[in-house]
Amino acid sequence: MTCEAMTCTVTTLAALSREPAAWDALVAGADRPTPDYSRRVLEAHRDNGLAPADLPCLAVRRGPDLVALLPYRIGRGPLGWGRVARPFTSPYLTVTAPLVVAGPDGPPALAALAAGMRGLGCPWWWPLLPTEDGVGPAFLAALARDGWGRAEVSAFQRPVLDRRASHDAFLKGHPHKGRLKDLRRRRRRLEEAGLLSVEAVGPDGDLAGAVAEFLALERRGWKGRAGTALACRPGTADFARDVFRAGDGPVTARADLLRLDGRVVAASLALVCGCTAMLLKTAYDEDLRQLAPGVVLEAEIVQALHETRFADRLDSATLASAVLDDLYPERTRIAETMLSPPGGPAPSRLADRARRQHAAKAWLKAWLKAWLKARLARLQRR
């Protein structure tokens with residue numbers, strides 16, 4: 001298959017929704033796909049006001065087949081610089097790698113996608129791009145062949161866990177034996193507090209009930225008090241119900257619940273796609289913080305991974321996770337990067353502007369936090 005046989009055009013989310021079979025087929029046949037740009041996830045964004053129906057998407061086709069997909073937006077660059085494109089992001093997306101078909105059609109699809117990106121005539125400001133795993137390395141290589149320049153803004157290591165032959169093998173080979181001992185101790189303390197049980201809900205189970213339990217638990221915690229829990233707004237609550245719904249397809253949902261005397265004290269919601277389970281949302285009973293029910297549930301999910309083989313990999317789906325750093329031995333590198341087309345501005349200059357913008361936002365956030373703390377202290381002294 002040659003690159004000339006493939007075409008890259010701009011379409012919209014609404015238009016893609018009119019060809020569900022082609023979209024689902026791409027996700028099912030993609031090179032190590034993630035659920036982020038799947039039909040389930042993007043339509044849930046659209047239906048709950050988190051993405052517009054006319055969201056532009058670069059779509060690469062070979063005849064009637066969809067072989068690559070990249071939703072995007074165009075806006076201002078760092079510190080107000082010019083016009084840049086960005087892959088579509090939201091607080092509920094974990095990576096922004098394009099969907100690209102696996103196999104021999106993959107390289108020409110990536111070449112066509114690079115040409116389509118170049119046709120937009122602007123640099124790209126790209127967050128949450130895996131650089132050493134999944135389709136990321138092949139995507140970056142295709143851009144380099146097309147003449148794109150690249151400069152990283154920042155990067156971090158996300159904890160992941162690849163399933164071993166058995167749970168015993170995982171435990172024996174684990175590099176942090178002290179962490180495992182601590183988890184066993186915390187589990188015993190929870191068992192002393194009442195009857196402890198673990199419930200796993202798969203794509204054919206009562207996911208609606210599990211999501212309701214999660215929403216209630218999250219709202220009772222600090223996120224509820226801060227107004228950022230999913231249940232605090234109808235749109236985000238409905239989004240959770242939509243995206244973690246029951247049903248099959250290339251992306252399926254899963255919930256894990258830890259119960260103490262019947263009540264949920266920790267909950268995890270995940271999407272499974274391409275043999276990877278993305279652990280998107282977690283919550284725990286903060287009244288039991290000293291017993292660490294959330295961490296105990298994470299260890300139970302690891303055991304279920306090995307015993308039921310519901311996936312090949314667990315992805316923490318976090319920006320950083322002190323909780324999972326010692327439990328998940330592997331890492332996947334996630335970067336924010338600037339990409340400039342041939343003849344475009346120096347990506348290093350754009351990356352420097354992005355770093356300065358991030359630093360300014362971090363300073364402002366710290367200043368506001370200190371100001372609020374001081375103001376509260378003054379009010380308490382009155």
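An account of the accompanying structure is given in this report.

Each value, and the rule that gives it
Residues numbered from 1 in each chain as written. Predicted model: local features only at pLDDT ≥ 70, side-chain atom pairs only at ≥ 80, totals over all residues. Heavy atoms only, no water. Helix = DSSP H or I, 4+ residues; strand = E, 2+ residues; numbered from the N terminus. Rg over C-alpha atoms; globule rule 2.2 N^0.38 Å. Buried < 20%, exposed > 50% of the residue type's maximum accessible area, 1.4 Å probe, protein only. Contact = heavy atoms within 4.5 Å. Areas by Shrake-Rupley, 256 points an atom, 1.4 Å probe, with all protein chains shown as cover. Axes fitted to C-alpha atoms, helices over the stretch in contact; angles between N-to-C directions. Parallel < 35°, antiparallel > 145°, perpendicular 65-115°, else oblique. Left-handed = near helix turned anticlockwise from the far one by under 90°. Polar contact = N/O pair within 3.5 Å; in protein donor to acceptor, adjacent residues only side chain to side chain. Nonpolar A, V, L, I, M, F, W, Y, C, P; charged D, E, K, R; others polar. Salt bridge = Lys/Arg side-chain N within 4 Å of Asp/Glu carboxyl O. Patch = residues over 30% accessible without salt bridge, like charges linked within 9 Å, V, L, I, M, F, W, Y side chains within 5 Å. Arc of directions from axis to C-beta. Core = buried A, V, L, I, M, F, W, Y, C linked by side-chain atoms within 4.5 Å.

**Things to note about the overall build of the protein**
Here is step 1 of the chain: When you go through the protein residue by residue, the secondary structure sums to 13 helices and 13 strands.
Here is step 2 of the chain: Against the globule reference of 21 Å for 382 residues, the protein gives a C-alpha radius of gyration of 22 Å, in line with a compact fold.
Here is step 3 of the chain: Along the three orthogonal principal directions, the C-alpha set of the protein runs to about 65 × 55 × 40 Å.
Here is step 4 of the chain: The burial tally for the protein puts 49% of its 382 residues in the buried class.
Here is step 5 of the chain: For the protein, restricting intrachain contacts to residue pairs at least 6 apart in sequence, the fraction spanning at least 24 positions comes to 74%.
Here is step 6 of the chain: When the accessible area of the protein is evaluated, it comes to approximately 17500 Å², of which 53% is carbon and sulfur surface.

**Some thoughts on the packing of helix α7 (residues 177–193) against helix α11 (residues 293–308)**
Here is step 1 of the chain: The N-to-C vectors of α7 and α11 enclose an angle of 115°; their axes lie 10 Å apart at closest approach. Put simply, α7 runs roughly perpendicular to α11. Crossing handedness for the pair α7 and α11: left-handed. Touching Arg179, Leu183, Arg186, Arg187 and Leu190 of α7 are Pro293, Val295, Val296, Ala299 and Glu300, all from α11.

**A closer look at the environment of Thr34**
Here is step 1 of the chain: With respect to the helices and strands, the residue Thr34 is situated in the loop between α2 (20–29) and α3 (39–47).
Here is step 2 of the chain: On a C-alpha basis, the gap between Thr34 and Thr94 in space is 8.6 Å, while along the polypeptide they are 60 residues apart.
Here is step 3 of the chain: Among all residues touching Thr34, those that are not within four sequence positions of it are Val95, Leu99 and Cys273.
Here is step 4 of the chain: Of note is the side chain of Thr34, whose polar atom sits 2.8 Å from the side chain of Asp36.

**Concerning the packing of α3 against helix α10 (residues 234–243)**
Here is step 1 of the chain: The geometry of α3 relative to α10 is characterised by a closest axis approach of 9 Å and an angle of 155° between their N-to-C directions. When the interaxial angle is binned, α3 and α10 end up roughly antiparallel. Judged by the twist between their axes, the crossing of α3 over α10 is right-handed. Residues Arg40, Val41, Ala44, His45 and Asp47 of α3 lie in contact with α10, whose contacting residues are Phe239, Asp242 and Val243.
Here is step 2 of the chain: Broken down by class, the residue content of the contact of α3 with α10 amounts to 4 nonpolar, 1 polar and 3 charged.

**Points about the environment of Gly75**
Here is step 1 of the chain: Relative to the helices and strands, Gly75 is located in strand β3 (residues 65–76).
Here is step 2 of the chain: Exposure remark for Gly75: the relative accessible area of 31% places this residue in the partly exposed category.
Here is step 3 of the chain: Considering only alpha carbons, one finds Gly75 and Thr228, 153 residues apart in sequence, at a separation of 26 Å.
Here is step 4 of the chain: Contacts of Gly75, omitting those with residues within four sequence positions, involve Gly82, Arg83 and Val84.

**A word on the pattern of salt bridges**
Here is step 1 of the chain: The full count for this structure, using the stated rule, is 32 salt bridges.
Here is step 2 of the chain: Between Asp65 and Arg62 there is a salt bridge, with the nearest N and O atoms lying 3.3 Å from each other.
Here is step 3 of the chain: Residue classification places Asp65 among the partly exposed residues on the basis of a relative accessible area of 35%.

**A few points about a nonpolar patch on the surface**
Here is step 1 of the chain: A surface patch of nonpolar side chains, about 670 Å² in accessible area, is lined by Trp363, Leu364, Trp367, Leu368, Trp371 and Leu372.
Here is step 2 of the chain: The topology assignment puts Leu372 in helix α13 (residues 347–381).

**As for α10**
Here is step 1 of the chain: The complete set of buried residues in α10 reads Thr236, Ala237, Phe239, Ala240 and Val243. Angularly, the buried residues of α10 cover 155° about the axis, an arc narrow enough to put them on a single face.

**Re the nonpolar core**
Here is step 1 of the chain: Core analysis: the biggest nonpolar cluster contains 74 residues, and Met117 and Trp124 have the highest contact counts within it.
Here is step 2 of the chain: Core analysis: the next-biggest nonpolar cluster, separate from the first, contains 30 residues, Val296, Leu297, Ala304 and Leu324 among them.

**Focus: helix α5 (residues 136–145)**
Here is step 1 of the chain: For α5, the complete set of buried residues consists of Gly136, Phe139, Leu140, Ala142 and Leu143. Axial view of α5: buried residues confined to an arc of 155°, hence all on one face. Seen from the open side of α5, the exposed residues pointing more than 90 degrees away from its buried face are Ala144 and Arg145.
Here is step 2 of the chain: Buried residues in α5 make contact with α4 (106–119), β6 (124–130), β7 (149–162) and β13 (330–340).

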